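# Coordinate inspection notes
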Protein chains: 2
Amino acid sequence: MKETNRHEIQFEIVKPTEIEARSFAIIKEELKDVITDQKKAPIIMRAIHTTADFDYLENLCFSEGVVERLHKSILNGACIVTDTQMAKAGINKTELAKYGGEVFCFMSDEDVALLAKEKGCTRATVSMDKAATLNRPMIFAIGNAPTALVRLYELMEDGVLSPEGIIGVPVGFVNVVEAKELIMKADVPYIVARGRKGGSNVAAAICNALLYQLREQDESC
Amino acid sequence: MKETNRHEIQFEIVKPTEIEARSFAIIKEELKDVITDQKKAPIIMRAIHTTADFDYLENLCFSEGVVERLHKSILNGACIVTDTQMAKAGINKTELAKYGGEVFCFMSDEDVALLAKEKGCTRATVSMDKAATLNRPMIFAIGNAPTALVRLYELMEDGVLSPEGIIGVPVGFVNVVEAKELIMKADVPYIVARGRKGGSNVAAAICNALLYQLREQDESC
């Protein structure tokens, strides 16, 4: 239903609780059932929902069985480690906590800043080293720093880290494309936004899509 | 300089402290000096930097003199009110505090949630009402909820709120386009991302671009 208000702009009348569902209905309509994989569809659609950018239909790459694997990890209490406070703010921590997980971001930690300066590397690199010392199952959600992805690759190669999975969606212009290609060569479950696009919002959206899929499974039981 | 690492992917060698400058140099190069307005350029470029989406070159709309006006407001201690915790997390609060400003987001406040439920409106709407009770100069940075923009319009029309300016960049599919058009009809300084695109990241990026312009002015004095 459309309503013209006193300012001569037509608004659609949608109840607050129905805005998200209506948004997804519009996205689905415009996609015209082009996504055939029902495990990936809610993830791709939520990335589009959070950016209004249909490029995510093309650029999101999934390793074989990654959605099932990440669901299982979350159910088993996996934590999420991010490279920005924005992604941390955006991830639904209440949903994650239902399964025992929590969200970590070490980027603003004083020891991380000091060590990065000392080593001449990025805080994101040191943040990944710090995460590697946690003795918990971890999913990495990287929305900003390609150097985080490179460091994760090295830590995996050196056998000191074995992530449950990597959501590799940093955005940008310097080594972003390359770092994503590197992760897709690694032996790790991944969801990667190929190319330059991505961001903290996309990282959070993908985490939330995974969480909401689990919630829907719960509710349908 | 490019370096091929042991994994046969070429990475560009850039020092951590130079990554941002290098990113902006790439953006500038690709834009080929198409932005002639030097006040707007850093804002448009930072929106592109944060999304890798060159659509922001076309869709960002500025009211006459808005950049100067928002700079003046920040220098005079204006606060920033946002509609998401993500935008709040992304805004450089240290820079803003230099001039006496702080960032507010009322979206998670218990009284806001309760009142929204009672009234059958969005939490964003009630958040704007709550902001209107603050006795401080305010810039609104809206990255998510079109209902926040509609409420701001009504509060201005009713004469109970007079914002220093509105950064109107909600993202989405339901009434987002319309709410932005409404704000551009109002008698208020605005920066709006016309169309569906935007987001908390873009809202934060625009606030930070404004803050970094001021910092550069300070440093060149």
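For the structure, check the block above.
A few points on the structure. (Residues numbered from 1 in each chain as written. Chains lettered and ligands numbered in written order. Predicted model: local features only at pLDDT ≥ 70, side-chain atom pairs only at ≥ 80, totals over all residues. Heavy atoms only, no water.)

### Notes on the overall build of chain A
A count of helices and strands for chain A gives eleven helices and eight strands. By the compact-globule yardstick of 17 Å for 221 residues, chain A fits well, its C-alpha radius of gyration being 18 Å. Based on the C-alpha atoms only, the size of chain A along its principal axes is roughly 60 × 40 × 30 Å. Accessible area for chain A stands at about 9,900 Å²; split by element, carbon and sulfur atoms hold 48% of it. (Helix = DSSP H or I, 4+ residues; strand = E, 2+ residues; numbered from the N terminus. Rg over C-alpha atoms; globule rule 2.2 N^0.38 Å. Areas by Shrake-Rupley, 256 points an atom, 1.4 Å probe, with all protein chains shown as cover.)

### Comments concerning the sheet that holds strand β8 (residues 190-193) of chain B
Residues and elements named next belong to chain B. Spatially, the six strands line up as an open sheet ordered β3-β8-β7-β6-β4-β5, and their pairing is mixed. Since the sheet does not close on itself, it has two edges, and those belong to β3 (60-62) and β5 (103-105), each with one partner. Neighbour-to-neighbour, the strand axes of the sheet open up by a mean angle of 20 degrees, direction not taken into account. Where strand β7 (residues 165-168) and β8 come together, three bridges link them in parallel fashion. (Pairing = 2+ DSSP bridges. Axes fitted to C-alpha atoms, helices over the stretch in contact; angles between N-to-C directions.)

### A few points about the interface of chain A and chain B
Opposite the 52 residues of chain A that make contact, chain B presents 51 residues. Of the roughly 3,900 Å² buried between chain A and chain B on both sides combined, carbon and sulfur atoms contribute 66%. Counting every contact that joins chain A to chain B gives four salt bridges. At the junction of chain A and chain B, the tally comes to five residue pairs in polar contact (both at pLDDT 80 or more). Counting residues per element, the ones that place at least two in the side of chain A that touches chain B are β2 (10-12), α1 (19-31), α2 (41-51), α5 (85-90), α9 (146-157), α10 (176-185) and α11 (200-220) of chain A. Per element, the largest residue contribution to the side of chain A that touches chain B is six residues, and it comes from α1(A). (Contact = heavy atoms within 4.5 Å. Buried area = accessible area lost by both parts, 1.4 Å probe. Salt bridge = Lys/Arg side-chain N within 4 Å of Asp/Glu carboxyl O. Polar contact = N/O pair within 3.5 Å; in protein donor to acceptor, adjacent residues only side chain to side chain.)

### With respect to the sheet that holds strand β8 (residues 190-193) of chain A
Residue and element names in this part refer to chain A. Spatially, the six strands line up as an open sheet ordered β3-β8-β7-β6-β4-β5, and their pairing is mixed. Edge positions in the sheet fall to β3 (60-62) and β5 (103-105), since each has one partner strand and no second. Neighbouring strand axes in the sheet, compared pairwise and without regard to direction, differ in orientation by 20 degrees on average. On the sheet, α2 packs against β3 and β8 and is oriented at approximately 155 degrees with respect to β3.

### Let's talk about helix α8 (residues 123-132) of chain B
Residue and element names in this part refer to chain B. Here α8 lies mainly inside the structure; seven of its ten residues are buried. Looking at α8, one finds that the buried residues are Ala124, Thr125, Val126, Ser127, Met128, Asp129 and Ala131. The inward-facing, buried residues of α8 abut β4 (79-82), α7 (110-119), β6 (138-142) and α9 (146-157). (Buried < 20%, exposed > 50% of the residue type's maximum accessible area, 1.4 Å probe, protein only.)

### Describing the relation of the copies chain A and chain B
Superposing chain A onto chain B takes a rotation of 180 degrees combined with a translation of 0.0 Å along the rotation axis, leaving an RMSD of 0.0 Å. Such a turn and shift between the copies fits a two-fold axis. By C-alpha distance to the rotation axis, the residue of chain A lying nearest is Met86(A), at 2.4 Å. (Least-squares fit on C-alpha atoms with pLDDT ≥ 70 in both.)

### Some remarks on the nonpolar core
The nonpolar side chains of a soluble globular protein tend to be buried, and buried together. Membership of the largest hydrophobic core comes to 92 residues, with the highest contact counts inside it found for Leu60(A), Ile206(A), Leu60(B) and Ile206(B). Excluding anything up to four places from it in sequence, Leu60(A) contacts Ile43(A), Ile44(A), Ala47(A), Ile191(A), Val192(A), Ala193(A) and Ile206(A). Ala131(A), Leu152(A), Leu182(A) and Phe11(B) belong to the second largest nonpolar core, which has 36 residues in total. (Core = buried A, V, L, I, M, F, W, Y, C linked by side-chain atoms within 4.5 Å.)

### So, the side chain of Asn201(B)
Examined against the element boundaries, Asn201(B) turns out to sit in helix α11 (residues 200-220). If we ignore the near neighbours within four places in the chain, the residues touching Asn201(B) are Met86(A), Asn201(A), Thr50(B) and Thr51(B).

### Observations regarding the environment of Gly77(B)
Residue and element names in this part refer to chain B. You can see Gly77 is positioned in the loop between α4 (66-75) and β4. The class of Gly77 is buried, set by a relative accessible area of 11%. Measuring from C-alpha to C-alpha, the distance between Gly77 and Glu102 comes to 8.3 Å, with 25 residues separating the pair along the chain. Beyond its immediate sequence surroundings of up to four residues, Gly77 is in contact with Tyr99, Gly100, Gly101 and Pro137.

### Quick notes on α1(A)
Residues and elements named next belong to chain A. Compared with an ideal rise of 1.5 Å per residue, which puts 13 residues at 18 Å, α1 spans 18 Å between its outermost C-alpha atoms and is within 8% of the ideal. Along α1, the positions that sit buried rather than exposed are Ser23, Phe24, Ile26, Ile27 and Leu31. Along the long axis of α1, the arc covered by the buried residues comes to 155 degrees, so they all point the same way. Structural note: α1 exposes Ala21 and Glu29 on the side pointing more than 90 degrees away from its buried face. For α1, the secondary structure elements touched by its buried residues are α2 and α3 (56-59). Once α1 finishes, Lys32 follows within two positions and takes phi at roughly 50 degrees, a positive value. (Expected span 1.5 Å × (residues − 1). Arc of directions from axis to C-beta.)

### A short note on the packing of aromatic side chains
All told, the structure shown has four aromatic pairs over all chains when counted by the stated rule. Ring centres 6.1 Å apart and planes at 90 degrees place the aromatic pair Phe54(A) and Phe173(B) in the edge-to-face group. Of this pair, Phe54(A) sits in the loop between α2 and α3 while Phe173(B) sits in the loop between β7 and α10 (176-185), placing the two residues on different chains. With 5.8 Å between their ring centres and 20 degrees between their planes, Phe104(B) and Phe106(B) make a pair best called stacked. An identical accessibility class is assigned to Phe104(B) and Phe106(B); each is buried. (Phe/Tyr/Trp six-rings, centres within 6.5 Å; stacked < 30°, edge-to-face > 60°.)

### Here we look at unusual backbone geometry
The backbone of Asn175(A) sits at a positive phi, close to 65 degrees, despite the residue not being glycine. For Asn175(A), the location among the structural elements is in the loop between β7 (165-168) and α10. Residue classification places Asn175(A) among the buried residues on the basis of a relative accessible area of 12%. Unlike most non-glycine residues, Asp33(B) shows phi in positive territory, near 55 degrees.

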